[in-house]
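# Notes for the structure review
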Amino acid sequence: MRDTIKALKEAVRGRVITPSDSDYDDARTVYNAMHDRKPRAVIRCVDAADVMAAVAAGRAGGFDLAIRGGGHSVPGFGTVDDGLVIDLSPMKSVWVDPVKKVARVGGGATLGDVDHATYPFGLAVPAGIISTTGVGGLTLGGGIGYLTRSVGLTIDNLLSADVVLADGRQVTASDYQNEDLFWALRGGGGNFGVVTSFEFQLHEVGDVVGGPLFYEFDDASAVLQGYREFIADAPEQLGCFFGWQIAPDLPFIPKDRVGDLFCVLVTCWNGPHEQAERVLEPLRDVAKVKAEQVGVMPFPALQSAFDGMVPKGMQHYWKADFITELTDEAIAAHVEHGQKTPHISSSMHLHPINGAAQRVGADETAFGHRDKNFAPVVVGIWSDPADNEANIRWVKDYYAAIHPHSGSDGGYVNFMSGDDDHRAPANYGANYERLAAVKATYDPDNLFHINQNIAPANES
């Protein structure tokens, strides 16, 4: 082990941080504080050559490899006990070509890094709802966010990727190079290698009209029913997800309502601003709006609006499904368990994945659930580890109540917890066998297994 670390320090330009370093505890810490793991080393890679050296060291030494981009993985896949962490966070550059509307993004960049670079050009990559999320993990799992209905998932806008493979080589994957790998990267997670850079198609997104609408919890059934009907045919420039929210102490919340539980619709209209009032009117009509903060704002402002609710260092446990139809029975289950939301950072988010995302064939990318309309996720987030049992129980009970109404065994891999590994075949859907074959081609020994793992075809 000592020889491996010494060789790594000589081979890479980035830092190799070990338990003897004063900043080791900071370096090993990830977003979800539930995962307090102690790797042998954290390699802060500054370029693809560093990644190649780290992968080679892991392979030669028989060490588990954890790949960390933004470090947001709920199951803690960005860290590992007694193995090596390939930390891509120094590789966060973003290069924008405003004429071709293309961005080249480093594997360690966050959504905030991308938004900062693209917004001055009136452009954006469709990705997520929290700016501290890593681009890499979000993209490889699919990429659901505010712009999904209008321009598709993040993977639908991926043009190419540079990937360090298990054998230490770096290759480019695109529609014209290593096409099978490119297909698998678009929804198959981190199973096939370490993506050191992404090339994205950009879209015109500058200032949007968006923000949350708060409704009384007692109106939740009516809001969910109205939302269900509205979002099915709403203009695709509108992104809008449903959630529960214990009211924070913010200026637009009446002081006597801080701490009360509401249901919310979080909106993002990326169309002509003068049309926003008309477009949002049906949402205002489903029930009386009790508080709101909807207005014209830079897209990065909306993308980062909820960052303060989910800082690094909280405890996380999530459960998720895909659903085609939000039934009345499912709504009743959501209301029953939503009223027990235990923490201001906890919620259930119901993300729409219709519109542009459904115009991509189920076999065109590894993301196979193109027929589904919603991606619900029960989000357990809290601060005190002493409350783990109660909060995990809330998530599990909630999920157990809604899952029978989902009509699907699969869910969005980016919303899964560590104990969902058995669901991998269902999560990847009809594409699982093809993914297993691609895995056998590019990672036959399953070196990259700290993820929602796809076993190589010869191991399946």
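All values reported here derive from a predicted model rather than from experimental measurement. (Residues numbered from 1 in each chain as written. Predicted model: local features only at pLDDT ≥ 70, side-chain atom pairs only at ≥ 80, totals over all residues. Heavy atoms only, no water.)

## Observations concerning the nonpolar core
Counting residues in hydrophobic clusters, the biggest one holds 42 residues, and the most contacted among them are Phe242, Trp244 and Leu350. The element that contributes the greatest number of residues to this core is helix H8 (residues 220-233), accounting for six residues. By size, the runner-up hydrophobic cluster in this structure holds 41 residues, among which are Ala247, Met314, Val379 and Met416. (Core = buried A, V, L, I, M, F, W, Y, C linked by side-chain atoms within 4.5 Å. Buried < 20%, exposed > 50% of the residue type's maximum accessible area, 1.4 Å probe, protein only. Helix = DSSP H or I, 4+ residues; strand = E, 2+ residues; numbered from the N terminus.)

## Digging into the environment of Ala27
With respect to the element layout, Ala27 can be found in helix H2 (residues 24-28). Along the primary structure Ala27 and Ser347 are separated by 320 residues, whereas in three dimensions their C-alpha atoms are 29 Å apart. Discounting chain neighbours no more than four positions away, the residues touching Ala27 are Ile17, Val42, Arg44 and Arg68. (Contact = heavy atoms within 4.5 Å.)

## Some remarks on the packing of H8 against helix H11 (residues 328-338)
Packing of H8 against H11 leaves a shortest axis separation of 10 Å and a crossing angle of 140 degrees. Classed by the angle they form, the pair H8 and H11 counts as oblique. In this structure, the crossing between H8 and H11 has a hand that is right-handed. Only Asp328, Ile331, His334 and Val335 of H11 make contact with H8, whose side of the interface consists of Ala220, Ser221, Leu224, Gln225 and Arg228. (Axes fitted to C-alpha atoms, helices over the stretch in contact; angles between N-to-C directions. Parallel < 35°, antiparallel > 145°, perpendicular 65-115°, else oblique. Left-handed = near helix turned anticlockwise from the far one by under 90°.)

## Some remarks on the pairing of strand E10 (residues 194-201)
In terms of burial, E10 is largely enclosed, as six of its eight residues are buried. With five bridges joining them, strand E6 (residues 102-106) and E10 adopt antiparallel strand pairing. By the bridge assignment, Ala103 is partnered in E10 with Phe200. (Pairing = 2+ DSSP bridges.)

## What about the layout of surface pockets?
Approximately 280 Å³ is the volume found for the second largest pocket. Surrounding the second largest pocket, 18 residues form its lining, Gly69, Gly70, Gly71, Ser89 and Lys312 being those nearest its centre. Split by residue class, the lining of the second largest pocket holds three nonpolar, nine polar and six charged. (1 Å grid on protein atoms, 1.4 Å probe; cavity = no way out; pocket = protein on both sides within 12 Å on 5 of 7 lines; lining within 4 Å. Points joined across faces, edges and corners; volume = space filled by probe spheres on them. Nonpolar A, V, L, I, M, F, W, Y, C, P; charged D, E, K, R; others polar.)

## Quick notes on the sheet that holds strand E1 (residues 16-17)
Pairing in this open sheet of four strands is mixed, and the strands run E1-E2-E4-E3 from one edge to the other. One side of each edge strand has no neighbouring strand; the edge strands of this open sheet are E1 and strand E3 (65-68). Note: E3 against strand E4 (residues 84-87), four bridges, orientation parallel. Each residue of the ladder has a partner; that of Ile67, found in E4, is Ile86.

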